[in-house]
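Below, each chain spelled out in residue letters.
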Amino acid sequence: MAGEECCRDVVCEGCPVLLVVDERRRFIFRVGRGRVQGSDRGVLRHDDLLGLRYGSRVRLSSGVEALVLQPRLVDYMERGLRRRSQVIYPKDHGFILMLLDIEPGSRVLEIGVGSGYTTIVLARAVGPEGRVYSYEIRRDMLETARRNLETVGLLDRVELKHRDARLGVDEEGLDAAVVDMPDPWAVLPVLHRALRPGAGVVFFLPAVNQVARLLAALELHGGWAENRVYEVLLREYEPRCDALRPRTTMIAHTGYLLYTRRVEAAGRRDAEGPGGGQRVAVRADARPQHIVQGG
Ligand SMILES: C[S@@+](CC[C@H](N)C(=O)[O-])C[C@H]1O[C@@H](n2cnc3c(N)ncnc32)[C@H](O)[C@@H]1O
């Protein structure tokens, strides 16, 4: 068909393929002449895929049928990437993008890269004109994330930085931030300096006591507003018209999302506006308890 594109419509050499034999047997690979994809249900020669349209049905050596599809990011996350850390799940990633209003061209800060799953989602959302600045304290994690970003072809949108983010970040005027680290209260001054006025942050927190501690730290810091706390629950159903019902197992808990926005520090407007009384200054580089009066 005219206008069919390599890797979008038709399988060519080097294109990624998701081969679906059944629900458990799903394989992601790049097509290479002379190669063979094995499985306990039979093998498939890559040469037999060349020129096929995505959505085609093929037969393995055993005669078992399989589907040829384009792998989505969620397919890669399920079985096509390396995982060295706890990762944020697609159900949370989708909502994070909405909360932060991330769009093509956005410049986004990420603290706590881990295996790079969130980095990948952010890099896809910001598009080729956007940028993701990702800070990670462990070199081995950063290497895993780099390889995962390469696998999905998004490395060129990301700056991976081997640094302790508590000591500061290089960027300013950023549009949004995602923080997934054990002690996020330690980066509030860093975030306040790096974000543009009004920009949002989402913190991902596995334990509810972390949420309470972070809320207290946000209040003490004073430069944050519009706080929201969420837990995203996703229930999948068996797609059977004769017995439509929820699946018997589900992911019961991943983590909490705490959303907040960078605002002018509390007390500053009254203190500095016309006729303002006592001057109140908030040191953005200070720890939460360092709100100084009369500065
Ligand atoms: C749970 S993982 C992040 C997973 C990631 N969101 C994903 O979906 O793949 C948390 C990461 O934060 C990193 N980290 C912890 N403290 C940090 C700090 N002060 N600065 C930068 N990274 C830090 C850890 O090394 C770890 O790799």
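Summarised in this report is the structure supplied together with it.

Basis of the calculations
Residues numbered from 1 in each chain as written. Predicted model: local features only at pLDDT ≥ 70, side-chain atom pairs only at ≥ 80, totals over all residues. Helix = DSSP H or I, 4+ residues; strand = E, 2+ residues; numbered from the N terminus. Buried ≥ 20, exposed ≤ 12 C-beta atoms within 10 Å, placed from the backbone. Contact = placed C-beta atoms within 7 Å. Pairing = 2+ DSSP bridges. Axes fitted to C-alpha atoms, helices over the stretch in contact; angles between N-to-C directions. Right-handed = clockwise from strand over helix to strand, strands pointing away. Parallel < 35°, antiparallel > 145°, perpendicular 65-115°, else oblique. Left-handed = near helix turned anticlockwise from the far one by under 90°. Nonpolar A, V, L, I, M, F, W, Y, C, P; charged D, E, K, R; others polar. Expected span 1.5 Å × (residues − 1). Arc of directions from axis to C-beta.

The subject of this paragraph is the overall build of the protein chain. In terms of regular secondary structure, the protein chain is built from seven helices and 17 strands. In the protein chain, buried positions account for 32% of the 295 residues. Contacts in the protein chain between residues at least 24 apart in sequence constitute 61% of all its contacts with a sequence separation of at least 6.

Further remarks concern the sheet that holds strand E2 (residues 26-30). The strand order across the open sheet built from four strands is E2-E1-E6-E5, with neighbouring strands paired in antiparallel fashion. Both edges of this open sheet fall to E2 and strand E5 (57-59), since each of them pairs with a single strand only. Neighbour-to-neighbour, the strand axes of the sheet open up by a mean angle of 30 degrees, direction not taken into account. With five bridges connecting them, strand E1 (residues 16-20) and E2 associate as antiparallel partners. Directly across from Val17, in E2, lies its bridge partner Phe29.

So, about the pairing of strand E11 (residues 195-205). Of all eleven residues in E11, eight are buried, a share of seventy percent or more. With five bridges connecting them, strand E10 (residues 174-179) and E11 associate as parallel partners. Bridging from a neighbouring strand, Val178 pairs with Val202 of E11. Note on the crossover from E10 through helix H5 (residues 188-194) to E11: the handedness is right-handed.

The next thing to look at is the packing of helix H3 (residues 117-126) against helix H4 (residues 139-151). The axes of two packed helices give the description: the angle between them and the distance between them. Running from N to C, H3 and H4 point in directions that differ by 40 degrees, and their axes come no closer than 9 Å. In this view, H3 runs oblique relative to H4, as classed from their interaxial angle. In this structure, H3 meets H4 at a crossing whose hand is right-handed. Packed against H3, whose contacting residues are Thr119, Ile120 and Ala123, the element H4 presents Ala145, Asn148 and Leu149 at the interface. Grouping the constituent residues of the contact of H3 with H4 by class yields four nonpolar, two polar and no charged.

In this section: H3. Most of H3 is tucked away: nine of the ten residues are buried. By the burial criterion, the buried members of H3 are Tyr117, Thr118, Thr119, Ile120, Val121, Leu122, Ala123, Ala125 and Val126. Just past H3, the residue Gly127 takes up positive phi, approximately 75 degrees.

Along its 13 residues, H4 runs 19 Å from first to last C-alpha, staying within 8% of the 18 Å computed at 1.5 Å per residue. Of the residues making up H4, those classed as buried are Leu142, Thr144, Ala145, Asn148 and Leu149. Mapping the buried residues of H4 onto a view down its axis gives an arc of 160 degrees, with all of them on the same face. Turned more than 90 degrees off the buried face of H4, the exposed positions are Arg139, Asp140 and Glu150. On its buried face, H4 is in contact with H3, strand E8 (131-136) and strand E9 (158-162). Once H4 finishes, Gly153 follows within two positions and takes phi at roughly 75 degrees, a positive value.

Before going further, it helps to examine the sheet that holds strand E15 (residues 256-262). Pairing in this open sheet of seven strands is mixed, and the strands run E9-E8-E7-E10-E11-E15-E12 from one edge to the other. Among the strands making up the open sheet, the edge pair consists of E9 and strand E12 (224-230). The average undirected angle you get between the axes of adjacent strands in this sheet is 15 degrees. Running at roughly 165 degrees to E8, H3 makes contact with strand E7 (107-111), E8, E9 and E10 of the sheet.

What follows is about unusual backbone geometry. Among all residues except glycine, the phi angle is most often negative; among peptide bonds, the trans geometry is most common. In this model, Cys7 sits at a positive phi of 70 degrees, which is unusual for a non-glycine residue. By the secondary structure assignment, Cys7 is in the segment before E1. Residue classification places Cys7 among the partly exposed positions, given that 15 C-beta atoms sit within 10 Å.

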